[in-house]
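# Chains, contacts and geometry: an overview
Chain by chain, the residues:
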Amino acid sequence: MSFPARAVVDLSAIASNVRSLRAHAPTAQVMAVVKADAYGHGLVPAARAALAGGATWLGAAQMDEALALRAAGLSEPRVLTWLYAPGAPLARAIEADVDLAVSSAAALAEVVAAARLVGRTARVHLKVDTGLGRNGLTPADLADVLPAGLRAQADGALALVGIWSHLAFADEPDHPTVRAQHGVFADAVRLVESAGAALEVRHLANSAATLTSPQVHYDLVRPGIAVYGLSPVPQLGSSADFGLVPAMTFEAELATVKRVPAGHGVSYAHQYVTSRDTVLGVVPVGYADGVPRHASGTPERPGGPVRVGDRTVGVAGRVCMDQVVLDLGPDATEQPGDRVELFGTGADGGPTAEDWARVAGTISYEIVTRVSRGVPREYVGLDGAVPSLAASSASASAGAGAGTGAAL
Ligand SMILES: *Cc1c(COP(=O)(O)O)cnc(C)c1O
């Protein structure tokens, strides 16, 4: 493996983050959300680590991810998938024992047809749009769809096991919509239960609500970003404040190091010009690898922070497709091959994904999910289980056509 950068994923951090989340929501089960390749951490290894930490459910937006979890041998945990278009392989999902979200009358009809086709009972979670304005049945749609759902339940085609929704302002716990959505959700739960559904789980809380709104924990919480150790509410508390440890470290080796005079332009369009004789270091990752171009730097506004030895240096000039340049200063002693860290746990003062998000004008979710599949993932932590974890990740991502996968 010659790629001069990698995302090192600490699986023990993922397990420990789930333990912290369980402590924040002691009356609920935890569904670890592993959509988007487990927020870039690697679907199967991250899922296994979350289960080791006590998650009993896995959440996948895409059906292919839900099927990949089963194909990787994760047969025990409940798996919910929720984002699919007409013609999705619902029959395969039902046969794979995957719980299905239903967000429309048409989806309900398709699930019922698929269940009848394979002669199994589909487990269904009715998704209610309590105010996010995204996926889900409006309260009026719910009232319309419920009779058909109950008839299909009586026939054995499906079991209405869950009702759920998603908050628009979970990261602002005092926002009036949180209370309003909670009220609409409570009404929907009452409607469905009084109509005769024996609900197993009612769920509303993402990471932010798991950490800050205990009144919406219900039976199951659905954290994503916090499983990976990043704070969903950086304005209210850091990872450490919530007992979380960032699981991904994005590191690279310096490709070249060279001395240049004052007044030397750096990278495209010379957005950065050296102010003195100095040493430039080239880091061999760029926007094609997931380094946000919006984190380019100027002399006035340092770009994305990179840890070099025991100091942190902002990206100098434009982020290029596959490299960025650092102004290491006149006294730099770094050599080509020296390790630099774009983001990691933040321990010892190093930069975090949250720091990159701030510079790039985005959220940490986007920073970790965009680390490209071309950047090898390396797994550490959870002793002894590592080789099998990495191997199953490689086969799962190959199966999903996700490109180059895990490194050992
Ligand atoms: C992504 C997602 C989650 C997890 O959100 P986080 O903010 O990462 O905790 C939970 N529920 C749904 C429906 C989601 O789409």
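Only a predicted model underlies this, so the values are computations on that prediction, with no experimental measurement involved. (Residues numbered from 1 in each chain as written. Predicted model: local features only at pLDDT ≥ 70, side-chain atom pairs only at ≥ 80, totals over all residues. Heavy atoms only, no water.)

## Section: the site of the ligand
Around the ligand, the surrounding shell holds 14 residues, and the nearest of these are Lys35, Tyr39, Ser207, Ile225 and Tyr365. A distance of 2.5 Å separates an oxygen atom of the ligand from a polar atom in the side chain of Ser207. Look at the ligand: alone it shows 390 Å² of surface, and the protein chains cover 95% of it. Here the ligand is seated within the largest pocket. Its residues assigned to classes, the shell around the ligand shows seven nonpolar, four polar and three charged. (Near = heavy atom within 4 Å. Polar contact = N/O pair within 3.5 Å; in protein donor to acceptor, adjacent residues only side chain to side chain. Areas by Shrake-Rupley, 256 points an atom, 1.4 Å probe, with all protein chains shown as cover. 1 Å grid on protein atoms, 1.4 Å probe; cavity = no way out; pocket = protein on both sides within 12 Å on 5 of 7 lines; lining within 4 Å. Sits in = over half its atoms within 2 Å of the grid points. Nonpolar A, V, L, I, M, F, W, Y, C, P; charged D, E, K, R; others polar.)

## A few points about the packing of aromatic side chains
Counted by the stated rule, this structure contains five aromatic pairs. An angle of 65° between the planes, with centres 5.7 Å apart, marks the rings of Phe250 and Phe343 as edge-to-face. Here the residue Phe250 occupies a position in strand β10 (residues 248-253), and Phe343 occupies one in strand β18 (residues 339-343), the gap between them amounting to 93 residues. For the pair Phe250 and Phe343, a shared accessibility class is recorded, and that class is buried. One aromatic cluster is present, formed by Tyr39, Tyr228 and Tyr365 through successive ring pairs. One Lys or Arg, Lys127, reaches over the ring of Trp164 and ends 4.3 Å from the middle of that ring. (Phe/Tyr/Trp six-rings, centres within 6.5 Å; stacked < 30°, edge-to-face > 60°. Helix = DSSP H or I, 4+ residues; strand = E, 2+ residues; numbered from the N terminus. Buried < 20%, exposed > 50% of the residue type's maximum accessible area, 1.4 Å probe, protein only. Lys NZ or Arg CZ within 6 Å of the ring centre and 35° of its normal.)

## Some details on the confidence of the model for the protein
Overall, the prediction assigns the protein a mean pLDDT of 94, with 93% of residues at 70 or greater. Segment residues 384-408: pLDDT under 50, and 33 contacts once partners within four positions in sequence are set aside and those in other chains are kept. (pLDDT = per-residue confidence, 0-100. Contact = heavy atoms within 4.5 Å.)

## Some thoughts on the layout of surface pockets
Of the voids in this model, the largest pocket is the one considered here, and its volume is about 750 Å³. Every residue lining the largest pocket is counted, 37 residues in all, and those nearest its centre are Lys35, Tyr39, His166, Asn206 and Tyr365. Every element with two or more residues in the lining of the largest pocket is listed here: α2 (35-39), β3 (57-62), β4 (78-83), α9 (207-212) and α11 (364-369). Within the lining of the largest pocket, the residues separate by chemical class into 18 nonpolar, eleven polar and eight charged. Composition of the lining of the largest pocket by domain shows at least three residues from each of domain 1 (11-228 + 391-407) and domain 2 (248-375). (Points joined across faces, edges and corners; volume = space filled by probe spheres on them. Domains from an automatic or database assignment.)

## Points about unusual backbone geometry
Although it is not a glycine, Tyr39 adopts a positive phi angle of roughly 50°. Within the secondary structure, Tyr39 sits in helix α2. Classification of Tyr39 by relative accessible area gives buried; the value is 7%. Within the chain, Asp97 stands out as a residue other than glycine whose phi angle is a positive 65°. When you line up the elements, Asp97 lands in the loop between α5 (90-95) and β5 (99-102). Accessibility expressed as a relative area gives 33% for Asp97, which makes it partly exposed.

## Re the packing of helix α7 (residues 139-155) against helix α8 (residues 176-194)
For the pair α7 and α8, interaxial distance at closest approach is 11 Å and the crossing angle is 10°. What the angle tells us is that α7 and α8 run roughly parallel. Residues Pro139, Leu142, Ala143 and Leu146 of α7 pack against Val184, Ala188, Leu191 and Val192 of α8. Of the residues contributing to the contact of α7 with α8, the split by class is eight nonpolar, no polar and no charged. (Axes fitted to C-alpha atoms, helices over the stretch in contact; angles between N-to-C directions. Parallel < 35°, antiparallel > 145°, perpendicular 65-115°, else oblique.)

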